[in-house]
Amino acid sequence: DGGITQSPKYLFRKEGQNVTLSCEQNLNHDAMYWYRQDPGQGLRLIYYSQIVNDFQKGDIAEGYSVSREKKESFPLTVTSAQKNPTAFYLCASSRLPVLGEQYFGPGTRLTVT
Amino acid sequence: GIQVEQSPPDLILQEGANSTLRCNFSDSVNNLQWFHQNPWGQLINLFYIPSGTKQNGRLSATTVATERYSLLYISSSQTTDSGVYFCAAESNFGNEKLTFGTGTRLTIIP
């Protein structure tokens, strides 16, 4: 089955620890995205990548880092510099060059205490 | 950047009723999508509709690009339609990224 997988579904961490969220897609999409969603809010873009070994900051990149070493994978690291890391994180992908329909993974709920 | 506004923010309806959700955007767009977020958080693609009209079963959508709005119609609502509906748009002058509205929370009562 083609799709986007995110793991784990739930993640708990202590304050001050870095944590990496996984995102894998087998849709052969060029572009991948990370969004953050807070309760009762819409989605905000953290980082996106249109090609391997290249990525751009979104609207709320501070305290996050990403890598794109493979077309299929776009992991997100939530660093200790992120002041409010507890949130629901969603990964998405789409075809290029013209921005096509975005498809989303099931998300990871991160709780930092 | 582009602004995306959705209305109403909340909608409570009886099962079987029809509903119309609205999305206004501030720039001309080359990408507009409607999503349904289910209670488990998964975003389900409903429509990719930068212009025109599409229908899929009980759901249909219309985007009037020249007037900068899109409408999502749900007919004969079912309890499984409950959740949050998001509109997202990319401006013609944009940089390959979507901007999301804050959503409409739809609750269907049996």
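Predicted model, so just to flag it, every value in this text is computed and none were measured. (Residues numbered from 1 in each chain as written. Chains lettered and ligands numbered in written order. Predicted model: local features only at pLDDT ≥ 70, side-chain atom pairs only at ≥ 80, totals over all residues. Heavy atoms only, no water.)

Q: Summarise the overall build of chain B; cite the residues concerned and give the values.
A: The helix and strand tally for chain B stands at zero helices and eleven strands. Overall, chain B shows an N-to-C arrangement of helices and strands of β-β-β-β-β-β-β-β-β-β-β. Principal-axis analysis of the C-alpha atoms places the extent of chain B at approximately 45 × 25 × 20 Å. In chain B, which comprises 110 residues, the proportion classed as buried is 50%. When the 6 positive and 8 negative side-chain charges of chain B are each reduced to one mean point, those points stand 1 Å apart. (Helix = DSSP H or I, 4+ residues; strand = E, 2+ residues; numbered from the N terminus. Buried < 20%, exposed > 50% of the residue type's maximum accessible area, 1.4 Å probe, protein only. Lys, Arg positive; Asp, Glu negative; His and termini not counted. Charge placed at Lys NZ, Arg CZ, Asp CG, Glu CD.)

Q: Lay out the sheet that holds strand S3 (residues 19-25) of chain B in plain terms, naming residues and giving numbers.
A: Residues and elements named next belong to chain B. Read from one edge to the other, the open sheet built from five strands follows the order S1-S3-S8-S7-S6, with strand pairing classed as antiparallel. Both outer strands of the open sheet, strand S1 (4-7) and strand S6 (52-56), are each paired with one neighbouring strand and no more. Strand-to-strand twist of the sheet, defined as the mean angle between neighbouring strand axes without regard to direction, takes the value 15 degrees. Judged from the six bridges that link them, strand S7 (residues 59-64) and strand S8 (residues 69-74) form a sheet pairing that is antiparallel. Looking at S8, one finds that Thr62 is bridged to Leu71. (Pairing = 2+ DSSP bridges. Axes fitted to C-alpha atoms, helices over the stretch in contact; angles between N-to-C directions.)

Q: Which residues make up unusual backbone geometry, and what are the values?
A: The linkage connecting Ser7 of chain A with the following residue, Pro8 of chain A, adopts the cis geometry, with an omega of -10 degrees. Tracing the backbone shows Pro8 of chain A in the loop between strand S1 (4-7) and strand S2 (10-13). The linkage connecting Ser7 of chain B with the following residue, Pro8 of chain B, adopts the cis geometry, with an omega of -10 degrees. Tracing the backbone through its elements, the reader meets Pro8 of chain B in the loop between S1 and strand S2 (10-14).

Q: Give a description of the interface of chain A and chain B that names residues and reports values.
A: Contact residues are listed per partner, giving 24 residues for chain A and 19 residues for chain B. Carbon and sulfur atoms make up 50% of the area that chain A and chain B hide from each other, which totals about 1,700 Å². Here chain A is connected to chain B by one salt bridge. Of the charged contacts in the structure, one is a salt bridge between Lys97 of chain B and Asp59 of chain A, with a shortest N-O distance of 3.5 Å. There are seven residue pairs in polar contact (both at pLDDT 80 or more) connecting chain A and chain B. Mapped by element, the contributors of at least two residues to the side of chain A that touches chain B are strand S4 (31-37), strand S5 (43-51), strand S9 (87-94) and strand S10 (103-104) of chain A. The dominant element in the side of chain A that touches chain B, judged by the number of residues it contributes, is S5 of chain A, at four residues. Along the lines of polarity and charge, the residues of the side of chain A that touches chain B split into 14 nonpolar, seven polar and three charged. (Contact = heavy atoms within 4.5 Å. Buried area = accessible area lost by both parts, 1.4 Å probe. Salt bridge = Lys/Arg side-chain N within 4 Å of Asp/Glu carboxyl O. Polar contact = N/O pair within 3.5 Å; in protein donor to acceptor, adjacent residues only side chain to side chain. Nonpolar A, V, L, I, M, F, W, Y, C, P; charged D, E, K, R; others polar.)

Q: Describe the nonpolar core, with residues and values.
A: Core analysis: the biggest nonpolar cluster contains 22 residues, and Leu32, Trp34 and Leu72 of chain B have the highest contact counts within it. Not counting residues up to four positions away in its chain, the partners in contact with Leu72 of chain B are Ser19, Thr20, Leu21, Trp34, Leu46, Phe47, Ser60, Ala61 and Tyr85 of chain B. One finds Ala61, Tyr64, Val66 and Cys91 of chain A within the second-largest nonpolar core, a separate group that totals 20 residues. (Core = buried A, V, L, I, M, F, W, Y, C linked by side-chain atoms within 4.5 Å.)

Q: Describe in detail the sheet that holds strand S8 (residues 76-78) of chain A, supporting the description with residues and values.
A: All names here are of chain A. Spatially, four strands are ordered S1-S3-S8-S7 in an open sheet, and the strand pairing comes out antiparallel. The open sheet terminates on both sides in strands that have one partner only, identified here as S1 and strand S7 (64-66). The average angle at which neighbouring strand axes cross in this sheet is 20 degrees, direction not considered. Direction of pairing for S1 relative to strand S3 (residues 19-25): antiparallel, over a ladder of four bridges. In the sheet register, Gln6 faces S3, and the bridge partner there is Cys23.

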